[in-house]
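Topology and contacts: notes
What follows is each chain in one-letter form.
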Amino acid sequence: MIPRITLAAASLATVASAAQPGAPAPVAAPMRDLEWGQINFLHTTDIHGWLGGHLQEPQYSADYGDYISFTEHMRRKADEKGVDLLVIDTGDRIEGNGLYDASDPKGKYTYDIYREQTIDALCTGNHELYQPSTVDREHNTTVPNFKHSYVASNLDYIEPETGNQIPQAQRYLKLKTKNQGYNVVVLGFIFNFDRNANNSVVQPVEEAMKEDWFQSAIREKPDLFLVAGHVGLRMKEFEQIFKVIRDQNWYTPIAFLGGHAHVRDARKFDDNAFALASGRYFETIGWLSVDGIKKKNGGGGQVEAEAAVTFRRKYIDNNLFGLRYHTGLNETTFPTEHGRNVSAAIAAGRKALQLDSSFGCAPQDLWMSRAPYPDPSSIFSWLETQVLPATLTNAERKDVPRLAILNTGAVRFDIFRGPFTKDSTFLISPFVSQFNYIPDVPYAVAGKVIGLLNSGGAVFGAGALDTKYLTIPEQVAPSPFRAASTAAEEEEDALSLVYMDDDDAAAQQPLSSGSNIYGNDPELIGGYTTKDDLGSDGDDAVHSPLTFYAVPNCIQSQIGFAPPPPDGQPAPPDPATVDLVFVDYVQPWVLTALKFSGGDYAADDVKLYANGTLTDHIAAWVKANWKKDC
């Protein structure tokens, strides 16, 4: 059945502001209804601390208090319909927003805010595992906060007192749904992550599935398997899990809820197995409904082959207009007391951390992937040509030419024209990585590194040093739904939404090639126009499409080189040697590339080049170069 598309009467009228002070009012849009099933899921993933919502983007401006109000109303609606609703989160709750990153200790406010939501199942993301301190806080705070719903199927914790390796949480969860009484077995995986801190252990998925507990879990004969995973839908781990469960349970429905790739996506494994990924940064609330589930016989027998189920999905824009639309409520009736209290706690945390204090006024938008690279509107061009040359200096070696390498995955968000705040610095790059260097590398060797990092291939292999781990998450595990447009075709069809690269593309394209698909109705706001295995009607709000471009794995700044000569004059000679500077995350790849280029360097040759993170360098440049007030 094709869902009804409803256009609200006041189509471009704005509705009241979201709960956070200063949040922009969302713009009304044509809406697609949610379709309910017997079991329904609300799904978040890769929130990365954005609990206050997006304060510069109206279509994602609701906060976590609004989400709590929404889930409370949706649970009530489920009870009225006699169906079930489960709320799921699949990790990467931390790192990427000042509300988490600016506090000391990190997460001082966010752990308590997350605790306010009733979550039926949740798992760990890789960002919970990079630092020993975050591993400790996840184990000692989040796991107890959600002790009955936290699932860690392939993750262990190393106890500091004893050195014992113990499960991070329960390996799997059995639950019976409230209204329909379905039996559900819940698994909670993380992909085969190998850069975790040494107080955690990630067991490869294929090894975890050989364990006795897993073999018992897949023989429980539930009415539905739920696999909650911090795994991209197009990554091998979900394929492996699907195959093993399906080999044992031929027809049992399997719902996968994934993340990590920062995209809206849906994947069909077979008629009874379906996966949903719900974007990034609290832009999206995922909706998955499952209908046609047949309860197993009392003896736990197999369901008949013909009993196929129906999966339906929607990607809900996280703003108050849409949340009120889906609940049938208004400005007065939508916020619950609990939700308002959580919104107030978020506002208090932001105020205490002074996240709205301005470092300067951005004179233009700077995009990660909504502008080509290189381009004056590319944030990577800005970093390469302005920020790094001006701020990346070692006083003792300031006169030595240097090549500075930064991976694009170190940048997490765009810069919008207007106030550049303390919060903005963490939105762009929350990481604690510093800049290292190898001194006096022959230029003939150092100059080859950037090309190798961006071309990848057999030099690095397909394991831990696969160069896809250097780039932005959206390009790590791309969907097959990508247009074959070239840049020239893009000029002719400005509505094409596509990563402009045939090899590293991600999955969006427009609903219509016309500029206004509703004839005389008002102009649509730009946003996601997702295509997935179920088609192109997944976004709950109808948007005009945006264009996205592929970005390289890494960028490089040439600093301290002789300036280019006047026209007609010969170019100056290249320096004999340079300092090769790089953000410390990329060190394993840099050392490998140097070996392939003819340099014999090891970790002992690497030194600290400059104190401060990329976040610090950006903030310093903004203070020095952009006027303070807008």
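Before reading further, recall that the structure is shown in the block above.
Presented here is a report on the structure given in the accompanying data block.

Cut-offs and rules
Residues numbered from 1 in each chain as written. Predicted model: local features only at pLDDT ≥ 70, side-chain atom pairs only at ≥ 80, totals over all residues. Heavy atoms only, no water. Pairing = 2+ DSSP bridges. Helix = DSSP H or I, 4+ residues; strand = E, 2+ residues; numbered from the N terminus. Axes fitted to C-alpha atoms, helices over the stretch in contact; angles between N-to-C directions. Contact = heavy atoms within 4.5 Å. Expected span 1.5 Å × (residues − 1). Bend = angle between axes of the 7 residues up to and from the residue. Buried < 20%, exposed > 50% of the residue type's maximum accessible area, 1.4 Å probe, protein only. Salt bridge = Lys/Arg side-chain N within 4 Å of Asp/Glu carboxyl O. Parallel < 35°, antiparallel > 145°, perpendicular 65-115°, else oblique. Left-handed = near helix turned anticlockwise from the far one by under 90°. Nonpolar A, V, L, I, M, F, W, Y, C, P; charged D, E, K, R; others polar. Core = buried A, V, L, I, M, F, W, Y, C linked by side-chain atoms within 4.5 Å.

This part takes up the sheet that holds strand E6 (residues 155–158). Overall, antiparallel pairing links the three strands, which are arranged E7-E6-E10 in an open sheet. Two strands bound the open sheet, and with one partner strand each, they are strand E7 (165–167) and strand E10 (200–202). In this sheet, adjacent strand axes meet at a mean angle of 30 degrees when their direction is disregarded. Relative to E10, E6 runs antiparallel, the two being bridged by three bridges. Across the sheet, residue Tyr157 finds its bridge partner in E10, namely Ser200. Contacts from helix H4 (residues 132–145) reach E6, E7 and E10 within the one sheet, and its direction differs from that of E6 by about 100 degrees.

This paragraph deals with H4. Structural remark: α-helix, 3.6 residues per turn; residues separated by three or four positions point the same way. Between the first and last C-alpha of H4 there are 19 Å, a value that for 14 residues agrees with the 20 Å anticipated at 1.5 Å per step. At Glu138, H4 shows its strongest bend, of approximately 30 degrees. Looking at H4, one finds that the buried residues are Thr134, Val135, Arg137, Glu138, His139, Thr142 and Val143.

On to the pattern of salt bridges. Scanning all chains against the criterion turns up 28 salt bridges. With a shortest N-O distance of 2.7 Å, Glu239 and Arg267 are connected by a salt bridge. One end of the pair, Glu239, is in helix H7 (residues 236–248); the other, Arg267, is in strand E13 (residues 264–270), and 28 residues separate them in sequence. The shortest N-O distance in the salt bridge between Arg350 and Asp356 comes to 2.8 Å.

Contact geometry for helix H1 (residues 64–81) and helix H8 (residues 320–327): axes closest at 10 Å, N-to-C directions at 15 degrees. In terms of their interaxial angle, H1 and H8 are classed as roughly parallel. Seen from above, H1 lies across H8 with left-handed handedness. In contact with Asp66, Phe70, His73, Met74 and Lys77 of H1, H8 contributes Leu320, Leu323, His326 and Thr327. A per-class count over the contact of H1 with H8 returns four nonpolar, three polar and two charged.

What follows concerns the nonpolar core. Judged by nonpolar contacts, the single largest core of 79 residues is most densely connected at Leu42, Tyr64 and Phe189. Per-element accounting of this core gives the leading share, six residues, to H1. Counting residues in each nonpolar core, the second largest holds 61 residues, with Leu452, Leu453, Leu591 and Val622 among its members.

This paragraph deals with the pairing of strand E16 (residues 310–317). A large share of E16 lies buried, amounting to six of its eight residues. One ladder, built from eight bridges, connects strand E15 (residues 284–291) with E16; its direction is antiparallel. Its bridge partner being in E16, Trp287 is matched across the sheet by Lys314.

All right, on to the sheet that holds strand E4 (residues 84–89) then. Ordered in space as E5-E4-E3-E15-E16, the five strands form an open sheet in which the pairing is mixed. The open sheet terminates on both sides in strands that have one partner only, identified here as strand E5 (121–122) and E16. Two strands pair when backbone bridges link them, and strand E3 (residues 39–44) and E4 are joined in this way by six bridges, in the parallel orientation. Paired with Phe41 across the two strands is Leu86, which belongs to E4.

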